[in-house]
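# Descriptive analysis of the structure
What follows is each chain in one-letter form.
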Amino acid sequence: MTDQLKDSYDVVVIGGGAAGLNGALMLARSRRSVVVIDSGAPRNAPAAHAHGMLARDGMPPAEILERGRAEVRGYGGQVVTGEVVAVAGTDTGAGANADAGTPGFLVTLADGRVVSARRLLVTTGLVDELPDIPGVRERWGKDVLHCPYCHGWEVRDQAVGILGGGPMSVHQALLFRQLTANVTFFTHTGSITPEQSEQLAAREIRVINGAVTALEIGDDRLTGVRVADGTVTPVEALAIPTRMVARGAFLNALGLHPVEHPSGAGEHIPTDPMGRTTVPGIWAAGNVTDLSAQVGNAAAAGAFAGAQINADLVGAETAQAVAARAARLSPAR
């Protein structure tokens, strides 16, 4: 199967992570013409291994994606490298156009290529906006972490610091306390309520007040956290709050914009329970709509959205066939 883009497809999937590839897999197995357009910048690229995914635990993220691409291609789907910069509706209307064969969208890539699609599945994921603290970016995905379910086992029984300032920071501290008895909570730019203070104290989590000014790094590993008064607390790993922002600027022309997530943790593209966005003909799945989705959750959501898109196309095609049959059988006037 060539990766040369055709002029049009039943479905264009924008984003080639777990959600996008699993959505494309479902569509390709339903004999839909489908292409995945992927910019090659997965969120979990800094991580050496993916965890919490049955039968794939500990596998490098790049290997998971390579296997997924091969599976999609094996059913006739395409996976093409490229960056989508704009999406527009066609002159004939939105993606839910009554004419089941009419393309609803034009997708423009950064290199100038344009492809049309009857439906879109947006699975572009998100960007983690990291705290502006020296050392954080250098150690991100190594010993500066975010998710206890993704990396907690690997830092069990170690000295783990928790950076405050996020809406879920105290909750994160309590989760990491399940994995190690040596947890230190740095309030940083945030504060804690009396109830949270009691929770941390009851779980024997040390609290250090004051802004974190830098991470101490030695021998290519995290060794400590420095606060404003110069005190350095030894830690071997640091869990940080990130602001998670959906990648969706290319949808702005359609009036589809990322909005603040109810958790306060960032911005997402809302969908209904079927994965539909507010723009007819566009579905979204994975981290672009669910900020907390792990690889397995994202893959499952992509598969579900792919099935819903296929069902939507079947419904449109059936309605078109019924109308055509009625026209053939109606008496000539």
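The rules behind the values
Residues numbered from 1 in each chain as written. Predicted model: local features only at pLDDT ≥ 70, side-chain atom pairs only at ≥ 80, totals over all residues. Heavy atoms only, no water. UniProt positions renumbered as here; feature names shortened; annotations may be inferred. Helix = DSSP H or I, 4+ residues; strand = E, 2+ residues; numbered from the N terminus. Buried < 20%, exposed > 50% of the residue type's maximum accessible area, 1.4 Å probe, protein only. Contact = heavy atoms within 4.5 Å. Areas by Shrake-Rupley, 256 points an atom, 1.4 Å probe, with all protein chains shown as cover. Domains from an automatic or database assignment. Buried area = accessible area lost by both parts, 1.4 Å probe. Salt bridge = Lys/Arg side-chain N within 4 Å of Asp/Glu carboxyl O. Pairing = 2+ DSSP bridges. Axes fitted to C-alpha atoms, helices over the stretch in contact; angles between N-to-C directions. Left-handed = near helix turned anticlockwise from the far one by under 90°. Nonpolar A, V, L, I, M, F, W, Y, C, P; charged D, E, K, R; others polar. Phe/Tyr/Trp six-rings, centres within 6.5 Å; stacked < 30°, edge-to-face > 60°. Lys NZ or Arg CZ within 6 Å of the ring centre and 35° of its normal. pLDDT = per-residue confidence, 0-100.

In the nomenclature of an unreviewed UniProt entry, the chain corresponds to NAD(P)/FAD-dependent oxidoreductase from the organism Nocardia huaxiensis. One UniProt comment on the chain, placed under Catalytic activity (unreviewed entry), says "[thioredoxin]-dithiol + NADP(+) = [thioredoxin]-disulfide + NADPH + H(+)".

Along the backbone of the chain there are 7 helices and 19 strands. Expressed as lengths along the three principal axes of its C-alpha atoms, the size of the chain is roughly 90 × 40 × 35 Å. Across the 333 residues that make up the chain, the buried fraction comes to 46%. Counted over contacts in the chain with a minimum sequence separation of 6, partners at least 24 positions apart contribute 58%. Accessible surface computed for the chain: about 16000 Å², of which carbon and sulfur atoms make up 53%.

A separate point is the domain arrangement of the chain. A common way to state how big an interface is: give the accessible area lost once the parts meet. Partitioning the chain into structural domains gives domain 1 (8-127 + 243-329) and domain 2 (131-239). Look at where the C-alpha atoms of domain 1 and domain 2 centre, and you get two points 35 Å apart. With 9 residues of domain 1 at the contact, the number on the domain 2 side is 9 residues. In total, domain 1 and domain 2 occlude about 660 Å² of area from one another, counting both sides; carbon and sulfur atoms represent 59% of this. Considering only the side of domain 1, the residues that lose the most area to domain 2 are P46, H51 and Q294, jointly responsible for 58% of the buried surface there. At the junction of domain 1 and domain 2, the tally comes to 0 salt bridges.

This part covers the sheet that holds strand β9 (residues 160-163). The strand order across the open sheet built from 5 strands is β8-β15-β9-β10-β11, with neighbouring strands paired in parallel fashion. Because the sheet does not close on itself, it has two edges, and the strands there are β8 (144-145) and β11 (206-208). Relative to strand β15 (residues 237-239), β9 is paired through 3 bridges, and the arrangement is parallel. Directly across from G161, in β15, lies its bridge partner L238.

Within a regular beta strand, the side chains point alternately toward one face of the sheet and then the other, so they alternate between its two faces. In terms of residue burial, strand β6 (residues 114-122) counts as a mostly covered element, since 8 of its 9 residues are buried. As defined by bridge partners, strand β1 (residues 8-14) adjoins β6 across 6 bridges and the pair is classed as parallel. Note that in β6 the partner of V13 across the bridge is L121. In the sheet, strand β5 (residues 105-109) pairs with β6 via 4 bridges, with the strands oriented antiparallel. When the bridges of β6 are listed, V107 appears paired with V115. In sequence, β5 turns back onto β6 through a hairpin of 4 residues, with G112 there showing a positive phi of about 95°. Judged from the 3 bridges that link them, β6 and strand β19 (residues 282-284) form a sheet pairing that is parallel. What sits directly across from L121, in β19, is W283.

With phi around 65°, R31 is a residue other than glycine that occupies positive phi space. Positionally, R31 belongs in the loop between α1 (18-29) and β2 (34-38). You can call R31 exposed: its relative accessible area is 79%. Located in the positive-phi region is D220, a residue other than glycine, with phi close to 55°. Locating D220 in the fold gives a position in the loop between β12 (212-217) and β13 (222-227).

How two helices sit against one another is set out by the angle between their axes and by the gap between those axes. At a minimum axis distance of 7 Å, the contact between α1 and helix α7 (residues 295-329) shows a crossing angle of 35°. Between α1 and α7 lies a crossing whose hand is right-handed. Within the contact between the two elements, α1 uses A18, A19, N22, G23, M26 and L27 and α7 uses V295, A298, A299, A300, G302, A303, G306, A307, I309 and N310. Its residues assigned to classes, the contact of α1 with α7 shows 11 nonpolar, 5 polar and no charged.

Our next topic: the packing of aromatic side chains. Ring pairs (aromatic) are described by centroid distance and by the angle formed between their planes. Counted by the stated rule, this structure contains 0 aromatic pairs. Seen from the ring of W153, R156 lies directly overhead, with NZ or CZ sitting 4.1 Å from the centre.

Bringing the pattern of salt bridges into the picture now. Counting across every chain of the model gives 14 salt bridges. Among the salt bridges present, the one from R43 reaches D128, with a minimum N-O distance of 2.7 Å. Residue R43 is located in the loop between β2 and α2 (61-74), and its partner D128 is located in strand β7 (residues 126-129); the two are separated by 85 residues in the primary sequence. Between R113 and D111 there is a salt bridge; the shortest N-O distance is 2.8 Å. Three or more residues joined by partner-sharing salt bridges are found here, namely D10, R32, R118 and E317.

Quick look at the confidence of the model for the chain now. Looking at the chain, pLDDT values average 92 and 95% of them are 70 or higher. The low-confidence segment residues 93-98 (pLDDT under 50) makes 14 contacts with residues lying over four places distant or belonging to another chain.

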